[in-house]
Amino acid sequence: MTAAGRVEGKVAFITGAARGQGRAHAVRLAQEGADIIAIDICKPIEGFLNPPSTPADLAQTADLVRRHNRRIVTAEIDVRDYDALKTAVDNGVDELGRLDVIVANAGISNAGSDDGDTLDKVSEQDWQDMIDVNLSGVWKTVKAGVPHILSGGHGGSIVLTSSVNGFKAYSNLHLGHYVASKHGVVGLMRAFAVELGQHMIRVNSVHPTFVNTPMLLNEGLYKLVRPDLENPGPDDLAPFCQTFHTLPIPWVEAEDISNAVLFLASDESRYITGVTLPIDAGQCLK
């Protein structure tokens, strides 16, 4: 492994940081020297069945970051609320002194919902919530953070979490509104990359396949994939997920995405911008 310190002295603003990929990003960047501004909604979003994060989850993220002797500022914020986002970033920068990296990671999915709606039947509320969190929330996150990177005058890196569904749709998981939102993230990434490049601010997106987090491993999705079983679990989901991949695995770990985020946040990628980076076990090849 590369020696520690790949983002030494930098400050990173990470959304959806209470658990899963967001927590892994916070911990991985802290391991390599960054201080962290971490936010998460820490409560359910009505109509979305994935188990919600909690204040205790966000507190655990903070503890994990501090174990690496890094500072962290946390807040329970909904990325749909721009004013609250801005306040959280402003307060974090006041305490930590600067901002170098934005990781717009917060997102929702309705995989495994009991309505099983195709895109033409998705309710207006479900559509709006998906777009508001997964697309508008990403835009608001960057909007809130960019002024601080600009004022620093030393460039920076922005990483947006899309998905393999930012490239392709599924015929059998009824995720059309999710697919639309994740394609939209690619458009945001490219537009921001073009506009901010003159300031040496790089903007890229990461595109995970299935990841071992509660967004994937939950009762709703187990039952959607294996309705023939009374109590399906991860072992019943795994063969289905593996069929999507070229490599013989069902899913990747959150840390696999974090390693890509770290690379894009570090100076190792100092001239890389506008890139869509799959971490997908070869799913995009199928």
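For the structure given in this document, a descriptive report is provided here. The written sequence of each chain sets the order in which its residues are numbered from 1. At least 70 in pLDDT is required for a residue's local features to be given in this predicted model, at least 80 for side-chain atom pairs to be given and counted, and no such filter applies to totals for whole chains, interfaces and linings, which use all residues. Calculated side-chain values reflect all of the structure's heavy atoms, with hydrogen atoms and water omitted.

Attention shifts here to helix 3 (residues 82-96). In this model, helix 3 (15 residues) spans 21 Å end to end at C-alpha, consistent with the 21 Å of a helix rising 1.5 Å per residue. Buried residues of helix 3: Ala84, Leu85, Ala88, Val89, Asp90, Gly92, Val93 and Leu96, and no others. Any N or O atom pair separated by 3.5 Å or less is treated as a polar contact, with the protein-specific requirement of one donor-capable and one acceptor-capable atom, and with residues adjacent in sequence counted only for side-chain atom pairs. Secondary structure counts use DSSP, requiring at least four H or I residues in a row for a helix and at least two E residues in a row for a strand, with both numbered from the N terminus. For helix 3, the N-terminal capping position is held by aspartate 81, with its side-chain oxygen 3.4 Å away from the main-chain nitrogen of aspartate 83. Following helix 3 by one or two positions, glycine 97 has its phi on the positive side, about 100°. The length a helix should cover is 1.5 Å for every residue beyond the first. For each residue, the accessible area found with a 1.4 Å probe, counting protein chains only, is set against the maximum for its type, and the residue is called buried under 20%, exposed over 50%, and partly exposed in between.

Two measures describe an aromatic ring pair: the distance that separates the ring centres and the angle between the ring planes. Centres within 6.5 Å make a pair out of two Phe, Tyr or Trp rings, where for Trp the six-membered ring is used; the pair is then stacked when the planes are under 30 degrees apart, edge-to-face when over 60, and tilted otherwise. Inspection of the entire model under this criterion finds four aromatic pairs. With a centroid separation of 5.2 Å and 70° between ring planes, the pair formed by phenylalanine 240 and phenylalanine 244 is classed as edge-to-face. The class of phenylalanine 240 is partly exposed, set by a relative accessible area of 21%. Connected via pairs of aromatic rings, a cluster forms that spans Tyr170, Phe210, Phe240 and Phe244. The rule is short: NZ of Lys or CZ of Arg within 6 Å of the ring centre and within 35 degrees of the ring normal puts a charge over the ring. Geometry around tyrosine 82 places lysine 143 over its ring, the cationic atom sitting 5.4 Å from the centre.

Its place among the elements puts serine 258 in helix 8 (residues 254-265). Taking the relative accessible area as the measure of exposure, serine 258 reaches 2% and is therefore buried. Throughout, a contact is declared for two residues whenever any of their heavy atoms are within 4.5 Å. When near neighbours in sequence (up to four residues on either side) are disregarded, serine 258 contacts Gln21, Ala24, His25 and Arg28.

Right, let's talk about the pattern of salt bridges for a bit. By definition, a salt bridge exists where a carboxyl oxygen of Asp or Glu is found within 4 Å of a side-chain nitrogen of Lys or Arg. Under the defined criterion, the tally for this structure stands at 13 salt bridges. Residue arginine 98 pairs with aspartate 100 through a salt bridge whose shortest N-O separation is 2.7 Å. We classify arginine 98 as partly exposed; its relative accessible area is 31%. Where aspartate 228 meets arginine 226, a salt bridge forms, and the shortest distance between an N and an O atom there is 2.6 Å. Judged by its relative accessible area of 52%, aspartate 228 is exposed. Through salt bridges with shared partners, one network takes in Glu8, Asp35, Arg70 and Arg71.

A word on unusual backbone geometry. The phi angle of most residues is negative, glycine excepted, and most peptide bonds adopt the trans form. A positive phi angle, near 60°, is found at asparagine 69, a position not held by glycine. Even without glycine at this site, alanine 281 takes up a positive phi of about 50°. Its location among the elements puts alanine 281 in the segment after strand 7 (276-279). Note on alanine 281: relative accessible area 9%, which makes it buried.

Another aspect to go through is helix 1 (residues 20-31). Taking 1.5 Å as the rise per residue, helix 1 with twelve residues should run 16 Å; its terminal C-alpha atoms sit 17 Å apart, in good agreement. Summarising burial for helix 1: ten of the twelve residues are buried, a large majority. Taken residue by residue, helix 1 has Gln21, Gly22, Arg23, Ala24, His25, Ala26, Val27, Arg28, Leu29 and Ala30 as its buried positions. One or two positions beyond helix 1, positive phi appears at glycine 33, with a value near 110°.

Let us look at the packing of helix 1 against helix 2 (residues 55-66). For the pair helix 1 and helix 2, the least separation of the axes is 9 Å and the interaxial angle reads 15°. Regarding the angle of helix 1 to helix 2, the classification is roughly parallel. Both helix 1 and helix 2 take part in a crossing whose hand is right-handed. The residues of helix 2 that touch helix 1, namely those facing Arg23, Ala26, Val27 and Ala30, are Asp57, Gln60, Thr61, Leu64 and Val65. Looking at the contact of helix 1 with helix 2 residue by residue, the class counts come to five nonpolar, two polar and two charged. Lines fitted to C-alpha atoms define the axes, with helix axes restricted to the stretch in contact, and inter-axis angles between N-to-C directions lie between 0 and 180 degrees. We call two directions roughly parallel when the angle between them is under 35 degrees, roughly antiparallel when it is over 145, roughly perpendicular when it lies between 65 and 115, and oblique otherwise. By the definition used in this description, the sense in which the near helix is turned from the far one sets the handedness, with an anticlockwise turn below a right angle giving left-handed and a clockwise turn giving right-handed. For this classification, Asp, Glu, Lys and Arg are treated as charged, while Ala, Val, Leu, Ile, Met, Phe, Trp, Tyr, Cys and Pro are nonpolar and the rest, including Gly, are polar.

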